[in-house]
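Next come the chains, spelled out residue by residue.
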Amino acid sequence: MTTVFRASLLCVFAVSMLSLGCATPPKPRELDALEKLRANPDMPAARKKAPDLCKKADKAFSSATDKWQSNDLNESVNHALLGQIYYSHALALSDQDKSNARIADAEDALSATTEEHEKAQKDLDDMNEKIGLLQKSVHKDEEMKALEAQMAADKKANEDKLSQEKLRAETGDKISDAELAVKTAETVNAAKYAPELYKSAAQILAKAQTEMQAGQMQQAQSSAAIAKKTADDAAAAAKPAYARDSQTEESRKKADGLFAEASRIPGVTTRRDVRGSLQRIIIAIPAETMFTKKQTVLAPGRDSVLNPIADLIKKKDYQDFPVQVVGHTDSKGGAQSALLAMSGARAQSVFNALVTRGVDVRRMMANGQGGAEPIADGRTAAGRASNHRVEIVFLYQ
Amino acid sequence: MTRYATVFLFLAFLAVPVLARAGEADDLQRQIDYLKQTTTDLERQDEQKAVSSDIMMMRSWLDNGWTLRSQEKYDEVRIILDRCEAQANMVRQRLTAAKLSAQAAAKEDEVKRARAQLARTKKALENAKIQKARLEGKV
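Residues numbered from 1 in each chain as written. Chains lettered and ligands numbered in written order. Predicted model: local features only at pLDDT ≥ 70, side-chain atom pairs only at ≥ 80, totals over all residues.

Considerations on the interface of chain B and chain A
Here comes step 1: The interface of chain B with chain A comprises 34 residues on the first partner and 35 residues on the second.
Here comes step 2: Looking at the side of chain B that touches chain A residue by residue, the classes come out as 14 nonpolar, nine polar and 11 charged. (Contact = placed C-beta atoms within 7 Å. Nonpolar A, V, L, I, M, F, W, Y, C, P; charged D, E, K, R; others polar.)

As structure tokens, this is what we get:
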């Protein structure tokens, strides 16, 4: 029993050892990796690209599997590594094809894109050219508008300038008018005869000139108008006094000339006197020179003394002088009324003789004074003879 | 004379295997050196480091081959050299594939840039059309 049992145990042990010795060892890592590589999704493409390499790899895989199953691990690993290399080689070739295809696709796409871009760029260039032209057109329109605006502004500026110049000219004219008015006032010596007004006018005129220089035309015009009016007022105020003085002076000079010329007339006496506001130059012609005794008509051939007197009256320089022809007698020799009548008649005779000699009748008046204005002592014969006279009286102021 | 010739032939017969094995070792050494140089060249070409692990593995195999050659296990060395030769060819193709892939990627980038440029040009064209219409309205 024991022997049988021991033999059985020995048999079981032997069988176990035999089966253990014949069991497949663990699969090498390299073979695992090879199997994974075979399952790569790109492998079909690799097989198509490199069939010889893949056949060699398949063969290496079979050998590796066989060697593994036959417990020859070293050989299995060698074959597995070789198989990996072949598969990897085939996959690399496949990858190259893929990359080449990608490059070709990319080049095609690049070519198409470049072509499309060139077209788009050309369109863009055309569009930009059109836009440029349009912008030029718009710019020209804007330039035209700006030019028109500029022209309008220039026109307005010119108008303003013209208006300013006109205003300045008007102001200048008004100031000139005022200056003329002041000068006119000066011609009538307003500084003397209307000093307040003249001074005021001069001051206002100076103010107007200053305002004009400062560009204040309206104020200058206003001031010039006031200056003109004031100067006119001054001239108006000064004129009568000036005229009077001027006339007086002129008359005096003329009277001097008249007196000198009258003094040179032979057969007459000449004198000057003042009566009221009037001055007189008196040419006294003795009555006996022109009249016979008690007569009032000029004696024939005795009126030649009137010739130079008539010439003197008619002389242009003395035409302004009113002339009186006044007859005088002495205070004796008759009634006063008779003397007055005789003196008036004699004066009228001389008056007529002078008119006959061309003297303007409107310049003269004749009257008789009788013996009211003797010039000599009436108690003597010589005195009485002197008082019988006809006087030609020039009047002036 | 005949006896000497016989001895010589006998010695020569004994020397042939020894000499043959010595030539085989030298030949294997040359192959290993050649493949090591190939490895160096491949490393230099691998600018993108795409196959550095494959080259490293090949270098370790060659080191192992050198050891086996020293142990005069020439058959095993031959197996390793065949594998390294195949590995070198595979690495060359993978390098080529990597370069082509890089070229493809560059081309695709170029396409992307061109498309972006095209999109910008088209956008500019659209804007120009709008501007033109606006200007035409002004004129």
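Quick word on the sheet that holds strand β5 (residues 389–396) of chain A
Residue and element names in this part refer to chain A.
Here comes step 1: If you walk across this open sheet you meet the five strands as β1-β2-β5-β3-β4, and the pairing is mixed. Strands at the two margins of the open sheet, each flanked by one partner only, are β1 (269–275) and β4 (364–370). Pairs of neighbouring strands in the sheet enclose a mean axial angle of 25 degrees, with direction left out of account.
Here comes step 2: Along the sheet, helix α8 (residues 217–263) makes contact with β1, β2 (278–286) and β5, crossing β2 at roughly 10 degrees. (Pairing = 2+ DSSP bridges. Helix = DSSP H or I, 4+ residues; strand = E, 2+ residues; numbered from the N terminus. Axes fitted to C-alpha atoms, helices over the stretch in contact; angles between N-to-C directions.)

A closer look at unusual backbone geometry
All names here are of chain A.
Here comes step 1: Positive phi, normally seen in glycine, also occurs at Asn71, with a value near 70 degrees.
Here comes step 2: Mapped onto the elements, Asn71 comes out in the loop between α4 (51–69) and α5 (73–187).
Here comes step 3: On the basis of neighbour count, Asn71 is assigned to the partly exposed category, with 13 C-beta atoms found within 10 Å.
Here comes step 4: Despite not being glycine, Asn189 shows a phi value in the positive range, around 55 degrees.
Here comes step 5: Taking the C-beta count within 10 Å as the criterion, Asn189 has 17 such neighbours and is therefore assigned partly exposed. (Buried ≥ 20, exposed ≤ 12 C-beta atoms within 10 Å, placed from the backbone.)

A short note on the pairing of β5(A)
All names here are of chain A.
Here comes step 1: Across the eight residues of β5, six count as buried, placing the element largely inside the fold.
Here comes step 2: Relative to β5, β2 runs antiparallel, the two being bridged by eight bridges. Considered in β5, the bridge of Ala284 is made with Glu391.
Here comes step 3: Sheet topology places strand β3 (residues 323–328) next to β5; six bridges connect them, and they run antiparallel. Of the residues in β5, the one forming a bridge with Gly327 is Val390.

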